[in-house]
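Observations on chain architecture
Below, each chain spelled out in residue letters.
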Amino acid sequence: MSSYPARAVVDLAAIRANTAALLDHAGGADVMAVVKADGYGHGLVPVAHAALAGGARWLGVAQADEALALRAAGVDARVLSWLHTPSTPFAALVDADVDVSVAADWALRGVLEGARASGRTARVHVKVDTGLGRNGVVPEGLEPLLRDALAAEAEGACRVVGLWSHLAWADAPDHPTVRRQAEVFDDAVRLAERLGARLEVRHLANSAATLTDAAMRYDLVRPGIAVYGLSPVPQVGGPADFGLTPAMRLEADLALTKEVPAGHGVSYAHAYTTPTRTVLGLVPVGYADGIPRHASGSEGRTGAPVQVAGRRLGIAGRVCMDQFVVDLGPGAREVAGDAVVLFGSGADGSPTAQDWADAAGTISYEIVTRLGARVPRTYVGGER
Ligand SMILES: *Cc1c(COP(=O)(O)O)cnc(C)c1O
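Remember, it's a predicted structure, so these values are computed and weren't measured experimentally. (Residues numbered from 1 in each chain as written. Predicted model: local features only at pLDDT ≥ 70, side-chain atom pairs only at ≥ 80, totals over all residues. Heavy atoms only, no water.)

1. Considering unusual backbone geometry
Although it is not a glycine, A37 sits at a positive phi angle of roughly 55°. Along the chain, A37 turns up in helix α2 (residues 36–40). The partly exposed category is assigned to A37, whose relative accessible area is 34%. Phi at D38 takes a positive value of approximately 55°, unusual for a residue other than glycine. Within the fold, D38 resides in helix α2. For D38, a relative accessible area of 38% gives the class partly exposed. (Helix = DSSP H or I, 4+ residues; strand = E, 2+ residues; numbered from the N terminus. Buried < 20%, exposed > 50% of the residue type's maximum accessible area, 1.4 Å probe, protein only.)

2. Side note on helix α6 (residues 105–118)
With 14 residues, α6 should cover 20 Å at 1.5 Å per step; its first-to-last C-alpha distance of 20 Å lies within 8% of that length. Those residues of α6 that fall on the buried side of the exposure criterion are A107, L108, G110, V111, L112, G114, A115 and S118. Each element contacted by the buried residues of α6 is listed here: α5 (90–95), β5 (99–102), β6 (122–127), α7 (139–154) and β7 (158–164). Backbone geometry just after α6 places G119 at a positive phi near 75°. (Expected span 1.5 Å × (residues − 1). Contact = heavy atoms within 4.5 Å.)

3. Focus on the site of the ligand
Taken together, 15 residues sit near the ligand, with K36, Y40, S207, G224 and Y365 positioned nearest. Take S207: an N or O atom from its side chain is 2.5 Å from an oxygen atom of the ligand. Within the backbone of G224, a nitrogen or oxygen atom sits 2.8 Å from an oxygen atom of the ligand. Computed on the free molecule, the ligand has an accessible area of 390 Å², of which 94% lies beneath the protein chains in the complex. (Near = heavy atom within 4 Å. Polar contact = N/O pair within 3.5 Å; in protein donor to acceptor, adjacent residues only side chain to side chain. Areas by Shrake-Rupley, 256 points an atom, 1.4 Å probe, with all protein chains shown as cover.)

4. A short note on the packing of aromatic side chains
Counted under the stated rule, the structure contains 5 aromatic pairs. For the ring pair F185 and Y218, a centre distance of 5.0 Å and an interplane angle of 85° mean the geometry is edge-to-face. Residue F185 is found in helix α8 (residues 176–194), and its partner Y218 is found in the loop between α9 (207–212) and β9 (220–221); the two are separated by 33 residues along the sequence. Both residues of the pair, F185 and Y218, count as buried. Note on F343 and W356: the rings are 6.4 Å apart at their centroids and 65° apart in plane angle, and the pair reads as edge-to-face. Of the two residues, F343 sits in strand β18 (residues 339–343) while W356 sits in helix α10 (residues 353–360), which places them 13 residues apart along the sequence. In this pair, the class of F343 matches that of W356, namely buried. (Phe/Tyr/Trp six-rings, centres within 6.5 Å; stacked < 30°, edge-to-face > 60°.)

5. Re the sheet that holds strand β16 (residues 311–316)
The pairing of strands in a sheet comes from backbone hydrogen bonds and takes either a parallel or an antiparallel form. One open sheet holds the 9 strands; their spatial order is β11-β14-β17-β16-β15-β18-β10-β1-β19, and the pairing between them is mixed. The sheet is open, and its two edges are formed by β11 (256–260) and β19 (377–380), each paired on a single side. The average undirected angle you get between the axes of adjacent strands in this sheet is 35°. Pairing geometry for strand β1 (residues 6–11) and strand β10 (residues 248–253), over 5 bridges, is antiparallel. (Pairing = 2+ DSSP bridges. Axes fitted to C-alpha atoms, helices over the stretch in contact; angles between N-to-C directions.)

6. Some points on the domain arrangement of the chain
How big an interface is tends to be expressed through the accessible area that disappears when the partners come together. Along its sequence, the chain is carved into domain 1 (12–228) and domain 2 (248–380). Placing a centre on the C-alpha atoms of domain 1 and another on those of domain 2 gives a separation of 38 Å. The interface is formed by 9 residues belonging to domain 1 together with 8 residues belonging to domain 2. For the domain 1 and domain 2 pair, buried surface summed over both sides reaches about 820 Å², with 61% attributable to carbon and sulfur atoms. (Domains from an automatic or database assignment. Buried area = accessible area lost by both parts, 1.4 Å probe.)

Structure follows, in structure tokens:
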């Protein structure tokens, strides 16, 4: 057991249930649970097992190392890895039976060399940039890339199993680019099929599109944030509106409490001054743990919310590297060791990762994903 005075408690039963809910939202499509970035901070391998137990048939990761870590942990589901560079260990990916995204000719060459080296047939998903302007081959470059990939398929070196893309504005479901990207994607699918591709999966939807737009489902959806029970479209609905439950609760133990007089400056630069005689509580997590410094309080305004013994309080003054302070209020009776909930499911009145995102001017994705490596993850709700 770690002695660290904070912990992220991850509810694997919530991950399973969220995945099952996403399977419902997906209609007949399969679910690829996106577990990149250490399962959005929740822990790669435990999350992967929970998502598979909840009905996901695929796992998605950005980095080759993440795919190989899943295999090393004995996860044998279909895994797609998609963010590659010329130094990506394509042979190791193919050898580990990982599906590989290809968005450029050098990546196709790398995959084919990897297939030759490992003696296996590589499974390729060609990624097309339908308008996000990020990864993917531009539509004009799709035909030559597909022709090369299909020529390699004819020689048995690879199978072109997937065609895929990613949306720019899925979190604004009515944005005209969503429909436009789907049209460009449909053209790309038609081109691939005309060139002889026998696609197993066409996939476009992230969490937002899975939850809000049935036309985006195709054969496979790729939800990430929703697997963890957070809403990708907070302006449309919260987790409960989509049948989701936030899976992570972040708690810390108070390191110190003390009574101070009115007018006491708190933390660096005295961005908070006690309005009355009061009790301060010291929370031993800071930006080294992923607590955003932007969640600090400023003069006249407390920062991100925390819950102490059922009371909703805000950060007093600056978030530091390892710690921040809360004003527990006059006469507060908390003592060192008492628990503070930074965020949780919200069901018990706790603040949520969305509340933290609002306080820090960011998105809930960043709140959970940036959680520092030194915060231990503990798991509840494992194996039924
Ligand atoms: C991260 C990512 C996803 C998942 O996105 P969410 O918004 O978390 O559902 C899906 N596809 C790609 C290509 C991604 O990079």
